[in-house]
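Chain residues, written in single-letter form:
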Amino acid sequence: MKKCILILLLILFGSFDLPLMAQLSKGQGFISGSLSFNNNNYRSTLDQKSSNNGAGINLLGGRFIKDKLAYTLGVNLYQSNNTGFNLAYTQVEIRPDGQALYTSQQVNTQNSYFSTDLSLGLNRYISLQERFAVILSGSFTAGFESSESTEKPQGQVERITKWKQHDFSLNFNPGLIYFLSPRFGVSGYFGGLSLRFEPKTEQNYASTFSGSFSTSGVLGIGLNYFFK
């Protein structure tokens, strides 16, 4: 086991004598990726259970068209499944005074969600130190989402609802990269500006255009590999 760790460290740091910023030169290619997982379980005071499980993968590749300026191509896939419950109300009668009476019952629910984002962008790198650089990232993204929900009221027919949409967005995000070696780097993005357009669909009555600005301190980490 110790030999495997030693070999890995030699591969990772063995070329430290090379100029670390050589990764940012014209013609250099790179690929980066990250994984995400979430698992949430909830139990109510009535001993009702619900859960949400999801997983995502983000892949980004690029090539420097000039020193410290690279174009990027990316794909982001995410899927989640949710099981839970809610209350459904059914009208049982209308009184002579016109007041409607309803009865409620617990309905078990299941929901599956899947999204695909495809992006084309530019990354500008600004060197801070030998190992650190700021990343200014801009991208155009096309997003495709789908969802299927199932409700199972007791004694009634199962109800299935399907939903799809697509949108387009311009995104501007700052980030940082730390060079572990001439081949490897760890990067992260945080906050940023997004402009989003969602065309009219069967579920939406009209097209929408929206913008958002985030100063979130949450940093998503990804591993970068630079080809030599």
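Described below are features of the structure shown in this document. (Residues numbered from 1 in each chain as written. Predicted model: local features only at pLDDT ≥ 70, side-chain atom pairs only at ≥ 80, totals over all residues. Heavy atoms only, no water.)

## Quick notes on the overall build of the protein
Secondary structure summary: the protein contains one helix and 10 strands in total. Restricting the contact set of the protein to residue pairs at least 6 apart, pairs at least 24 apart contribute 62%. For the protein, the computed accessible surface area is about 14800 Å², with 60% contributed by carbon and sulfur atoms. (Helix = DSSP H or I, 4+ residues; strand = E, 2+ residues; numbered from the N terminus. Contact = heavy atoms within 4.5 Å. Areas by Shrake-Rupley, 256 points an atom, 1.4 Å probe, with all protein chains shown as cover.)

## Regarding the nonpolar core
Counting residues in hydrophobic clusters, the biggest one holds 10 residues: Leu-24, Phe-30, Phe-64, Ala-70, Tyr-125, Ala-133, Ile-135, Ile-177, Phe-179 and Phe-226. At the level of secondary structure, the elements contributing two or more residues to this core comprise β5 (132-153) and β6 (159-179). Leaving out residues up to four positions away in the same chain, Ala-133 has contacts with Ile-126, Ser-127, Leu-128, Gly-175, Leu-176, Ile-177 and Phe-179. (Core = buried A, V, L, I, M, F, W, Y, C linked by side-chain atoms within 4.5 Å. Buried < 20%, exposed > 50% of the residue type's maximum accessible area, 1.4 Å probe, protein only.)

## Focus on the environment of Thr-141
As for its position among the elements, Thr-141 is in strand β5. Taking the C-alpha atoms as reference points, Thr-141 and Asp-167, 26 residues apart in sequence, are found 8.3 Å from one another. Those residues in contact with Thr-141 that sit more than four places away from it in its chain are Asp-117, Leu-118, Ser-119, Asp-167, Phe-168, Ser-169 and Asn-171. A polar side-chain atom of Thr-141 sits 3.2 Å from a polar atom in the side chain of Asn-171. (Polar contact = N/O pair within 3.5 Å; in protein donor to acceptor, adjacent residues only side chain to side chain.)

## Considerations on the pairing of β6
As judged from the five bridges shared by β6 and strand β8 (residues 192-198), these two strands associate in the antiparallel manner. Paired with Leu-170 across the strands is Leu-195, a residue of β8. For β6 and strand β7 (residues 184-189), the ladder comprises five bridges, and the chain directions are antiparallel. Bridging across to β7, Ile-177 finds its partner in Ser-187. Linkage of β6 to β7, two consecutive antiparallel strands, is achieved through a turn of four residues. (Pairing = 2+ DSSP bridges.)

## Examining the environment of Ser-139
Assignment of secondary structure puts Ser-139 in strand β5. Between the C-alpha atom of Ser-139 and that of Gly-74, which follows or precedes it by 65 residues, the distance is 9.4 Å. Ignoring any residue separated from it by four or fewer positions in sequence, one finds Ser-139 in contact with Ser-119, Leu-120, Gly-121, Ser-169, Leu-170 and Asn-171.

## Side note on the pattern of salt bridges
Counted by the stated rule, this structure contains two salt bridges. A salt bridge links Asp-167 to Arg-196, with the nearest nitrogen and oxygen atoms 3.2 Å apart. Within this pair, whereas Asp-167 is found in strand β6, its partner Arg-196 is found in strand β8, the two being separated by 29 residues in sequence. Among the residues examined, Arg-196 registers a relative accessible area of 27% and is labelled partly exposed. Salt-bridge contacts for Glu-198 lead to Arg-196; the nearest nitrogen and oxygen are separated by 3.2 Å. Classification of Glu-198 as buried rests on a relative accessible area of 8%. Taken together, the shared-partner salt bridges in this structure form one network comprising Asp-167, Arg-196 and Glu-198. (Salt bridge = Lys/Arg side-chain N within 4 Å of Asp/Glu carboxyl O.)

## Side note on the packing of aromatic side chains
Within this structure, the stated rule accounts for nine aromatic pairs. When the centroid spacing of 5.3 Å and the interplanar angle of 45° are considered together, the rings of Phe-64 and Tyr-125 count as tilted. Of this pair, Phe-64 sits in strand β2 (residues 49-66) while Tyr-125 sits in strand β4 (residues 100-127), placing them 61 residues apart in sequence. With a relative accessible area of 2%, Tyr-125 lands in the buried category. With a centroid separation of 6.4 Å and an interplanar angle of 55°, the aromatic rings of Tyr-78 and Tyr-113 are classed as tilted. Note that Tyr-78 is positioned in strand β3 (residues 69-94) and Tyr-113 in strand β4, a separation of 35 residues in sequence. (Phe/Tyr/Trp six-rings, centres within 6.5 Å; stacked < 30°, edge-to-face > 60°.)

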